[in-house]
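# Overview (structure and organization)
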Amino acid sequence: MSALTLTLKTRPDQRVDMSPLVCQKLENLDPAQIGAIKLHCGKKKLRVDELFTISGFDTKHILIKNSFAKLDYIGKDLEDGIIHVEGDAGAYCGMGMKSGVIKVFGNTGLYAGCEMKKGQLEIDGNAGDFLGGALAGNKMGMKGGLILVKGNAGDRVGDHLRRGTILIEGNVGDYCGSRMIAGTIAVMGHTGKFLGHSMRRGTLLLWNTPKLSASFNDCGSHTLAFLPMLFNSFKGLNSRFAENEIAFNRVQRYAGDMAEIGRGEVLIKI
Amino acid sequence: MIINGVQIDATFAEAFPMKGTRAIITAQNEKWAMIAAQAMTGFATSVIACGCEAGIERVLSPEETPDGRPGVSIMIFAMGGKGLAKQLETRAGQCVLTSPTSALFAGIDGGIRIPLGKNLRYFGDGFQTSKVISGKRYWRIPVMDGEFLAEATTGQVDAVGGGNFLVLAQSQPQALAACEAAIEEMKKIPNVIMPFPGGVVRSGSKVGSKYKALNASTNDAFCPTLKGSSKKTELSPDVESVMEIVIDGLTKEDIDKAMRVGIQAVCDLGVENGITRISAGNYGGKLGPFHFHLQEIMA
């Protein structure tokens, strides 16, 4: 059975809420019923078939073609299934997803993977601010699963991260890992200012030496046994993180943020 | 049944249900993994007084261990799940946590989850951290040589304990040599351990005693010095020494296999090396539901 393919016909001026178009909500619906679903677009509600050409039947595998940066909430609360996005995705892509896989071949906007619980979000391009973070006012960001970004990410990556893994092949902006509760963020590129600001627990794994705040204390260089296991768990990914050459187990360890409870760590490859 | 001049008695070994688990100990090298494993499985020959039966299953290559270091697989068996969990935890805490460079991992993925590093983490006094890797939780406990890494839980499964056979020989050295040959072969079988010293027990027991305080006592029917005095003796005049091999395993089939290769190794030495009979310890079928009929196993 071919994937349910939604090809965008026109680019509306207003942002579109794509949250009704997730696998579990489309199960057992035929293309006509899917076409009749209404999506919020600014003040208006548009039928799916006004925006998209619909083909294919497999609602467990959704393909969104010609996507652009105003299609918000793609894969929100996804429960099982696969969503592929050809083009860019808007804000809140994969927000609160519970399982399954979302693969974006372009860039994503703000809050990608925010408060996600499980599953995998892959972004081939760049990600906006608050990747895997918490919504404004909420106390817990991503609670599980894996986010892989092959490009760069914006500010506040993993803000309030509770659990799960965020892997970034490129650079990140300021406040990476801010207010982290636990979990792991690995950054191969460079990091911005205020790394791990107010982090409580969790691990920031870095390939390049960051500019650390005074509230991070040097704990010396160490060989850590869990790192080879962590890198082994990335072997199945279509990413540089899966390559043997990038793995290491020897790190400089900094504990922080001492302005918080100080149980977090920044591990830098040496 | 006679194999290479050795008589296989028409009897059966009687085994009983136990709870079992497996853990994997790794270290900087095989030497230190083995030291930790030997410590963890020490004083664990019999549930009669040790609380559990434990042993080393096999040495693992770095490719077979979760952290890519040399390792040793150990198994622990107890009469109940609660007792098993207690033994596992205290032994892991006193023998593996303390052993230099060690790490501890689950050896069984399924089954009921019982704590491995889950409670040992409190040794970290608040400095411990956990990592969930591929869905499994590991505890990183800061210790003086670096970090002790322990998987949070391991699996507890239904198991079988007390499979056994007796080697009857014309002399003590011949009985021991035969048992050593058997253990060498039985160690190659997965999912089983032979918990007694070197895998061999020279003081097989019967249920009960004339002394009320004891629930087990010497198996006088197979004591060669009592050939003329015990009414229950099962020894012919030419038998001068009897030794027993006890096997615990995850399934009846695993014990079957271990008994078969063990008995075969003994029989290969044959009557010319002083081996006269193979028998087994049973209690008339009253002790446990698992019966290992020697002649069926060797058929």
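Small disclaimer: the values here were computed from a predicted structure and weren't measured.

Scoring rules and cut-offs
- Residues numbered from 1 in each chain as written.
- Chains lettered and ligands numbered in written order.
- Predicted model: local features only at pLDDT ≥ 70, side-chain atom pairs only at ≥ 80, totals over all residues.
- Heavy atoms only, no water.
- Helix = DSSP H or I, 4+ residues; strand = E, 2+ residues; numbered from the N terminus.
- Rg over C-alpha atoms; globule rule 2.2 N^0.38 Å.
- Buried < 20%, exposed > 50% of the residue type's maximum accessible area, 1.4 Å probe, protein only.
- Areas by Shrake-Rupley, 256 points an atom, 1.4 Å probe, with all protein chains shown as cover.
- Lys, Arg positive; Asp, Glu negative; His and termini not counted.
- Charge placed at Lys NZ, Arg CZ, Asp CG, Glu CD.
- Salt bridge = Lys/Arg side-chain N within 4 Å of Asp/Glu carboxyl O.
- Contact = heavy atoms within 4.5 Å.
- Buried area = accessible area lost by both parts, 1.4 Å probe.
- Polar contact = N/O pair within 3.5 Å; in protein donor to acceptor, adjacent residues only side chain to side chain.
- Nonpolar A, V, L, I, M, F, W, Y, C, P; charged D, E, K, R; others polar.
- Phe/Tyr/Trp six-rings, centres within 6.5 Å; stacked < 30°, edge-to-face > 60°.
- Lys NZ or Arg CZ within 6 Å of the ring centre and 35° of its normal.
- pLDDT = per-residue confidence, 0-100.
- Domains from an automatic or database assignment.
- Expected span 1.5 Å × (residues − 1).
- Core = buried A, V, L, I, M, F, W, Y, C linked by side-chain atoms within 4.5 Å.

## Some thoughts on the overall build of chain A
Assigned secondary structure in chain A consists of four helices and 17 strands. The C-alpha radius of gyration of chain A comes to 19 Å, within 12% of the 18 Å expected for a compact globule of 270 residues. Taking the principal axes of the C-alpha coordinates as reference, chain A spans close to 65 × 35 × 25 Å. Relative to its 270 residues, chain A shows a buried fraction of 53%. In the form shown here, chain A has an accessible surface area of approximately 10,800 Å², with 48% of it arising from carbon and sulfur atoms. Taken as two groups, the 34 positive and 27 negative side-chain charges of chain A have centres that lie 4 Å from each other.

## Regarding the pattern of salt bridges
Scanning the model with the defined rule gives 23 salt bridges over all chains in all. Taking the shortest distance from any N to any O, the salt bridge between D124 of chain A and K150 of chain A comes out at 3.7 Å. Of this pair, D124 of chain A sits in the loop between strand 10 (120–123) and strand 11 (146–149) while K150 of chain A sits in the loop between strand 11 and strand 12 (165–168), placing them 26 residues apart in sequence. Judged by relative accessible area, K150 of chain A falls into the partly exposed class, the value being 24%. Across the pair K252 of chain B and D256 of chain B runs a salt bridge, and its minimum N-O distance is 3.8 Å. Highlighted residues: K252 of chain B and D256 of chain B, both in helix 4 (residues 252–269), separated by four residues, approximately one helical turn. Judged by relative accessible area, which is 17%, D256 of chain B ranks as buried.

## Some words on the interface of chain A and chain B
Listed by partner, the interface residues are 15 residues for chain A and 14 residues for chain B. Buried surface at the junction of chain A and chain B, summed over both partners, amounts to about 1,200 Å²; 63% is from carbon and sulfur atoms. Contact with chain B buries surface across chain A, with F226, M229 and R263 of chain A losing the most and accounting together for 48% of the total. Across the chain A-chain B interface, the total number found is one salt bridge. Viewed at the interface, chain B and chain A are joined by five residue pairs in polar contact (both at pLDDT 80 or more). For the side of chain A that touches chain B, the element with the most residues is helix 4 (residues 226–232) of chain A, which contributes four residues. The class makeup of the residues in the side of chain A that touches chain B is five nonpolar, six polar and four charged.

## Focus on the packing of aromatic side chains
All names here are of chain A. Per the counting criterion, the structure on display carries eleven aromatic pairs over all chains. Here W207 and F231 contribute two aromatic rings whose centre-to-centre distance is 6.0 Å and whose plane-to-plane angle is 80°, an arrangement assigned as edge-to-face. Taken together, the residues W207 in the loop between strand 14 (203–206) and strand 15 (217–223) and F231 in helix 4 connect sequence positions 24 residues apart. A relative accessible area of 3% places F231 in the buried class. Between the aromatic rings of W207 and F248, the centroid separation amounts to 5.1 Å while the plane-to-plane angle is 85°, which identifies the pairing as edge-to-face. Of this pair, W207 sits in the loop between strand 14 and strand 15 while F248 is found in the loop between helix 4 and strand 16 (250–256), placing the two residues 41 residues apart along the sequence. According to the relative accessible area criterion, W207 is buried, its value standing at 13%. Of the residues examined, F248 reaches a relative accessible area of 9% and is grouped as buried. Through pairs of rings, three or more aromatic residues link up here, namely W207, F231, F234, F241 and F248. For R156, the ring lying beneath its charged end belongs to Y175, and the centroid distance is 4.1 Å.

## Description of the confidence of the model for chain B
Per-residue confidence for chain B gives a mean pLDDT of 95; residues scoring 70 or more make up 100%. Across the interfaces of the predicted complex, the ipTM metric reaches 0.90, alongside a pTM of 0.91.

## Overview of the domain arrangement of chain B
Residues and elements named next belong to chain B. We note that the domain assignment places domain 1 (2–14 + 160–298) and domain 2 (18–157) within chain B. Domain 1 and domain 2 are separated by 30 Å when their C-alpha centres are compared. At the interface, 16 residues of domain 1 touch 15 residues of domain 2. Contact between domain 1 and domain 2 buries roughly 1,100 Å² in total, counting both sides, with carbon and sulfur atoms accounting for 64%. Together, I193, P195 and L250 form the three largest contributors to the area buried by domain 1 at its contact with domain 2, with a combined 42%. Taken together, the connections running from domain 1 to domain 2 amount to zero salt bridges. Within the residue set of the side of domain 1 that touches domain 2, elements represented by two or more residues are strand 11 (153–169), strand 12 (192–193) and strand 15 (241–249). Class assignment of the residues belonging to the side of domain 1 that touches domain 2 gives a composition of nine nonpolar, five polar and two charged.

## Section: helix 2 (residues 81–96) of chain B
Taking 1.5 Å of rise per residue, the 16 residues of helix 2 of chain B would be expected to cover 22 Å, and the 21 Å separating its terminal C-alpha atoms lies within 8% of that figure. If you check which residues of helix 2 of chain B are buried, you get L84, A85, Q87, L88, R91, A92, G93, C95 and V96 of chain B.

## Concerning the side chain of D257 of chain A
All names here are of chain A. The residue D257 is located in the loop between strand 16 and strand 17 (264–269) in this model. Buried within the structure, D257 lacks any salt-bridge partner; its nearest side chain of opposite charge belongs to R156, at an N-O separation of 10 Å. There is a polar contact of 2.8 Å between the side chain of D257 and the backbone nitrogen of S198.

## Topic: the domain arrangement of chain A
Residue and element names in this part refer to chain A. Each domain of chain A was delimited in the assignment, giving domain 1 (1–60) and domain 2 (73–269). Once you take the C-alpha centre of each, domain 1 and domain 2 turn out to be 30 Å apart. Opposite the nine residues of domain 1 that make contact, domain 2 presents 13 residues. Between domain 1 and domain 2, roughly 770 Å² of surface is buried when both sides are summed, and carbon and sulfur atoms account for 57% of that area. Across the contact surface, domain 1 and domain 2 share zero salt bridges. Here the residues of the side of domain 1 that touches domain 2 sort into four nonpolar, two polar and three charged.

## A word on the nonpolar core
All names here are of chain A. Counting residues in each nonpolar core, the largest one holds 56 residues, and the members touching the most others are F52, I64, I83 and L131. If you tally residues by element for this core, the top one is strand 1 (residues 3–8), at three residues. Two domains each provide a minimum of three residues to this core, namely domain 1 (1–60) and domain 2 (73–269). Not counting chain neighbours up to four residues away, the residues in contact with F52 comprise L6, T7, L8, K9, M18, L21, L39, I64 and L71.

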